[in-house]
Amino acid sequence: MRVLIPSPLRSYTREAWVQAQGATVGEVLDDLDRRYPGIRFRMIDEQQRMRRHLRFFVNDTQTFDLAQPLAEGDELLIVQALSGG
Amino acid sequence: MTTKKKPGSATGGRGLRAGGESPAQRGATARKARGDGPASTVLLVATRKGAWLIHGDAARRAWRADGPHFLGHIVNHLVLDPRNGRTLLAAAKTGHLGPTVLRSTDFGKTWQEAKKPPAFAKKADGSGRSVDHTFWLTPGHASQPGVWYAGTSPQGLFRSDDDGLTWASASAINDDPQYIAWMGTVQDGTPDGPKMHSIIVDPRDPQHLYFGMSGGGVHESRDGGRTFSLLIDGLEVVEGFPKNDPAVHDPHCIRIAPSNPDRLYQQNHCGIYRLDRPGTTWTRIGRSMPKKVGDVGFNITVHPRDADTCWVLPMDGRTVWPRTSPDGRPAVYVTRNGGKTWQRQDRGLPAEQAWWTVKRQAMSADARDPIGLYFGTTQGEIWASRDEGASWRCIARHLPEIYAVEAAELGA
């Protein structure tokens, strides 16, 4: 599926949209980490919590659940929060 | 993450050997043994917005800034491995992203991220802690190439055995309920989070370690970090708190004397102290500081060849703790007799209306003769002295807020 990478993480991917596989949000992030080592920990902490200043959208709907299922054709959009003004 | 720096904007470091001295002194010893030419000093500057390498010429008169490296990253510490003179580790995060350790094995020409940065164990019941940032980096013992220690916020002790590539918990204290109670909550820590810092490896014994926690006190291990014991006797705490509770102890910076590793100095939230081992009771040597200046501050720097000499940079800890230079007149204070007396050193520093201060990692010394002293301010200036603090000159300004300055030496 297509994944939108926020600009602070493009030092890993070198591009805005990348491909990754997985049946849930968490699995897609795992796959991203295989392709771009280190990227997952910048977004998800060791207790499997989403970091405070990152937001995840499946298509147009925000999710806070790494176990959220994904369907074929979904897009995962990773966005840097507006925190900080 | 892999980044490449601008070609030709930094020199490559020549290999340095490690020994039983301070990192800067080890470099000097190695150079002498090899018969190398005159050294040059490089300052490793970590800031709120990136890192810089500030290269000095052989005379330490002209300085050249190489940077920023990883602009926009909050860099708490940038340290050169004195055992090989090439590996740099940087403790980094950004305002939005999680923490990492950035690593260069070619003295800053290219950088790679650690494959497994410091992280606490996952707890199934949801009570687990998460590393907000790595705060402190310490190269391991000379006999253990590739070993590094890291201290984090919140407090945790981590170790790498592969030159900073992967990190694992270094001690049971990271999950010990008693230690976690002593570490306190975020509310008990410094304004940007509670810290583990001042990780010290005894140059005579890789199993003998010290560290400090803000808050949480001073601790010592004789078994390589497996277990620790308290070392807080003699230390003052804020009025009203019980002295026997490690949670309310706030060591700001602890240093070992390179020329006498049985001597420790400490700048604490509540004064300046010295401890001569095997003793276990700290002596408040800051009582001999001028009363008007006081003995509050964050950093303390020990002479690499004279265990009786150290420097502090006091800050205003009165009333609401402005954390500025006292009366807007910054000065370094030196003792040359283990803290019996102190002398003010302010020639060249602003005489008035200078309200910056210097954080706990932001002052260090090289090992030249006379030694050079360097500090970085909260307002982005670097000040240098080529005469052991007798006079000072600003060698860089307009940098972001400076968190750490480490002096290292390169061969000619």
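Residues numbered from 1 in each chain as written. Chains lettered and ligands numbered in written order. Predicted model: local features only at pLDDT ≥ 70, side-chain atom pairs only at ≥ 80, totals over all residues.

Participant: Before we go on, may I ask you to explain the overall build of chain A in this structure?
Facilitator: If you tally the helices and strands in chain A, you get three helices and five strands. A compact globule built from 85 residues would reach a C-alpha radius of gyration of about 12 Å, and chain A, at 12 Å, matches this within 12%. For the C-alpha atoms alone, the extent of chain A along its principal axes is close to 35 × 25 × 25 Å. Relative to its 85 residues, chain A shows a buried fraction of 26%. Of all intrachain contacts in chain A linking residues separated by at least 6 positions in sequence, the fraction that spans at least 24 positions is 50%. (Helix = DSSP H or I, 4+ residues; strand = E, 2+ residues; numbered from the N terminus. Rg over C-alpha atoms; globule rule 2.2 N^0.38 Å. Buried ≥ 20, exposed ≤ 12 C-beta atoms within 10 Å, placed from the backbone. Contact = placed C-beta atoms within 7 Å.)

Participant: Would you take a moment to explain the overall build of chain B for this structure?
Facilitator: Of regular secondary structure, chain B possesses two helices and 29 strands. In terms of C-alpha radius of gyration, chain B reaches 20 Å, essentially the compact-globule figure of 22 Å for 412 residues. Expressed along its principal axes, the backbone C-alpha trace of chain B runs to roughly 55 × 50 × 40 Å. Across the 412 residues of chain B, 56% fall into the buried class. Residue pairs at least 24 apart in sequence account for 54% of intrachain contacts in chain B once pairs closer than 6 positions are excluded.

Participant: How should the environment of Met315(B) be read in this particular structure?
Facilitator: Residue position: Met315(B) is located in the loop between strand 22 (310-312) and strand 23 (332-335). Sequence-wise, Met315(B) and Pro246(B) are 69 residues apart; in three dimensions their C-alpha atoms are separated by 24 Å.

Participant: Help me out: how do you make sense of the sheet that holds strand 16 (residues 229-230) of chain B in this one?
Facilitator: Strand pairing within a sheet occurs via backbone hydrogen bonds; the two strands may be parallel or antiparallel. Residue and element names in this part refer to chain B. In space, the four strands of this open sheet follow the order 13-14-15-16, with antiparallel pairing throughout. Of all the strands in the sheet, just strand 13 (195-201) and strand 16 have a single pairing partner and so form its edges. With five bridges connecting them, strand 14 (residues 209-214) and strand 15 (residues 217-221) associate as antiparallel partners. Bridge pairing in strand 15 places Met-213 opposite Gly-217. (Pairing = 2+ DSSP bridges.)

Participant: Would you mind going over the interface of chain A and chain B with me for this structure?
Facilitator: Accessible area lost during the coming together of the parts is what is often quoted as the interface size. Contact residues are listed per partner, giving 19 residues for chain A and 18 residues for chain B. Mapped by element, the contributors of at least two residues to the side of chain A that touches chain B are helix 1 (10-13) and helix 3 (39-43) of chain A. Of the residues forming the side of chain A that touches chain B, the biggest block, three residues, is contributed by helix 3 of chain A. Looking at the side of chain A that touches chain B residue by residue, the class counts come to seven nonpolar, seven polar and five charged. (Nonpolar A, V, L, I, M, F, W, Y, C, P; charged D, E, K, R; others polar.)

Participant: Sorry if this is basic, but what is going on with the sheet that holds strand 24 (residues 343-345) of chain B here?
Facilitator: Residues and elements named next belong to chain B. One open sheet holds the four strands; their spatial order is 21-22-23-24, and the pairing between them is antiparallel. Edge positions in the sheet fall to strand 21 (300-302) and strand 24, since each has one partner strand and no second. Going across the sheet, the axis of each strand differs from the next one's by a mean of 25 degrees, ignoring polarity. Bridging between strand 22 and strand 23 involves three bridges; their strand directions are antiparallel. When the sheet's bridge partners are listed, Val-312 is paired in strand 23 with Tyr-333. (Axes fitted to C-alpha atoms, helices over the stretch in contact; angles between N-to-C directions.)

Participant: Is there a simple way to explain helix 2 (residues 25-35) of chain A in this structure?
Facilitator: Residues that lie three or four places apart on an α-helix share one face, since the helix turns once every 3.6 residues. All names here are of chain A. Looking at helix 2, one finds that the buried residues are Val-25, Val-28, Leu-29 and Leu-32. Projected onto a plane normal to the axis of helix 2, the buried residues spread over an arc of 100 degrees and lie on a single side. Contacts made by the buried residues of helix 2 are with strand 1 (2-4), helix 3, strand 3 (54-58), strand 4 (61-63) and strand 5 (75-80). (Arc of directions from axis to C-beta.)

Participant: Could you clarify how one ought to interpret the pairing of strand 6 (residues 88-93) of chain B in this entry?
Facilitator: Where a strand is regular, its side chains alternate between the two sheet faces. Residue and element names in this part refer to chain B. With six of its six residues buried, strand 6 lies for the most part within the structure. Every second residue of strand 6 is oriented toward a common face, with Leu-88, Ala-90 and Ala-92 on one face and Leu-89, Ala-91 and Lys-93 on the other, all of them buried. Note: strand 5 (residues 74-80) against strand 6, six bridges, orientation antiparallel. Counted as the bridge partner of Leu-78 is Ala-90 from strand 6.

Participant: Would you mind going over the nonpolar core with me for this structure?
Facilitator: The biggest cluster of nonpolar side chains holds 101 residues, and the ones touching the most others in it are Val45(B), Leu78(B), Ala90(B) and Val405(B). Per element, the largest residue contribution to this core is seven residues, and it comes from strand 29 (residues 402-410) of chain B. If near-sequence neighbours (up to four positions away) are discounted, Leu78(B) is found in contact with Leu44(B), Val45(B), Ala46(B), Ala51(B), Leu88(B), Ala90(B), Ala404(B) and Glu406(B). Val25(A), Tyr36(A), Ala119(B) and Val131(B) belong to the second largest nonpolar core, which has 21 residues in total. (Core = buried A, V, L, I, M, F, W, Y, C linked by C-beta atoms within 7 Å.)

Participant: Help me out: how do you make sense of unusual backbone geometry in this one?
Facilitator: Of all residues except glycine, most have a negative phi; of all peptide bonds, most are trans. Residues and elements named next belong to chain B. Along the chain, Ser-153 connects to Pro-154 via a cis peptide bond; the corresponding omega equals -5 degrees. Here the residue pair Arg-277 and Pro-278 is connected by a cis peptide bond, since its omega of 15 degrees sits within 30 degrees of zero. Within the element layout of this structure, Pro-278 appears in the loop between strand 19 (271-276) and strand 20 (283-284). Even without being a glycine, Ser-198 presents a positive backbone phi close to 50 degrees. Its identity is not glycine, yet Thr-319 carries a phi of approximately 40 degrees, on the positive side.

Participant: Hey, could you run me through the environment of Lys340(B) in this one?
Facilitator: All names here are of chain B. Locating Lys-340 in the fold gives a position in the loop between strand 23 and strand 24. When the 10 C-beta atoms within 10 Å are taken as the criterion, Lys-340 is described as exposed. Linking Lys-340 and His-73, residues 267 residues apart in sequence, is a C-alpha distance of 42 Å.

Coordinates in, geometry out; function isn't part of it.
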